[in-house]
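# What the coordinates show
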Amino acid sequence: DAEITQSPRHKITETGRQVTLACHQTWNHNNMFWYRQDLGHGLRLIHYSYGVHDTNKGEVSDGYSVSRSNTEDLPLTLESAASSQTSVYFCASSGSVDGEQYFGPGTRLTVT
Amino acid sequence: QQQVKQSPQSLIVQKGGISIINCAYENTAFDYFPWYQQFPGKGPALLIAIRPDVSEKKEGRFTISFNKSAKQFSLHIMDSQPGDSATYFCAARFAGNKLTFGGGTRVLVKP
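Values in this document were obtained by computation on a predicted structure and should not be read as measured data. (Residues numbered from 1 in each chain as written. Chains lettered and ligands numbered in written order. Predicted model: local features only at pLDDT ≥ 70, side-chain atom pairs only at ≥ 80, totals over all residues. Heavy atoms only, no water.)

## Topic: the interface of chain A and chain B
Cut-off, in case you're wondering: Two residues qualify as a contact provided that any one of their heavy atoms is within 4.5 Å of a heavy atom in the partner residue. We define buried area as the total accessible area lost by two parts upon association, computed with a 1.4 Å probe and summed across both. Salt bridge, as used here, is a side-chain nitrogen of Lys or Arg placed within 4 Å of a carboxyl oxygen of Asp or Glu. Identification of polar contacts relies on pairs of N or O atoms within 3.5 Å, with a donor-acceptor requirement for protein atoms, meaning one able to donate a hydrogen and the other able to accept it, and with residues adjacent in sequence counted only if both atoms are side-chain atoms. Each helix is a run of H or I in the DSSP string that is no shorter than four residues. Each strand is a run of E no shorter than two, and both are numbered from the N terminus. Here the term charged refers only to Asp, Glu, Lys and Arg, the term nonpolar to Ala, Val, Leu, Ile, Met, Phe, Trp, Tyr, Cys and Pro, and the term polar to all other amino acids, Gly among them.
If you look at the interface, chain A gives 23 residues, while chain B gives 19 residues. Buried area between chain A and chain B, both sides added, is near 1,600 Å², and the carbon and sulfur share of it is 48%. Considering only the side of chain A, the residues that lose the most area to chain B are Leu43(A), Gln101(A) and Phe103(A), jointly responsible for 26% of the buried surface there. Inspection of the chain A/chain B interface yields 0 salt bridges. If you look at where chain A meets chain B, you find 6 residue pairs in polar contact (both at pLDDT 80 or more). Sorting the residues of the side of chain A that touches chain B by element identifies strand E4 (31–38), strand E5 (42–51) and strand E9 (87–94) of chain A as the ones contributing at least two each. Ranked by residue count, the leading element in the side of chain A that touches chain B is E5(A), at 5 residues. Taken together, the residues of the side of chain A that touches chain B break down into 10 nonpolar, 9 polar and 4 charged.

Dropping the structure here:
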């Protein structure tokens, strides 16, 4: 079955380290999104991509970067992790520009 | 700033009762209003959605009511069941399938 996966599911890192969170989908969807979820804020859009080599900044992009080298993957990189980036991160994909977004299971990141 | 405001933050309802969650928005450019259901340790999953040219949409026990002039919409869960205990998020979509979410409502259905 097609699916969207994220790894790792849990990560603890230290302030200042570079961290990369993986997102992989097997639906062949062009559109992929990264969100962070914090209590009281719902989910907030970090970065998104509409296809290979396309990346765009979302509402809370500072301190994060993404790259899209193929259709299946959109890794999220924290260049220098900060305690304010402790959160649960969700990746999502959709098959069309106005299609339903399917979410992955999330990665819980703790920055100490 | 949060473009979609959701209330209440949490609610407790007895089995068989009605759960009501409200959302309000400001941006009239939003063109699609989905509701997501999230269970602990899982990603959000689309529950039901509505477009602004429709005032109500019903799918089983779940109903969205939409008031375009007031810029408000709500989710009603009829005959609430313990399995409905989850966090619910309203959202609004703008150009390019970008979603902005409300803060979430944790619903607990007591047996």
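## Overview of the side chain of Gln38(B)
Note the following rule: The rule is simple: take the accessible area with a 1.4 Å probe, protein chains only, and divide by the maximum for that residue type; under 20% is buried, over 50% is exposed, in between is partly exposed.
On the secondary structure map, Gln38(B) appears in strand E4 (residues 33–38). You can call Gln38(B) buried: its relative accessible area is 8%. Among the polar contacts listed, one links the side chain of Gln38(B) to the side chain of Gln37(A), at a separation of 2.8 Å. Excluding residues within four positions of it along the chain, Gln38(B) makes contact with Gln37(A), Phe90(A), Gly43(B), Pro44(B), Ala86(B), Thr87(B) and Phe89(B).

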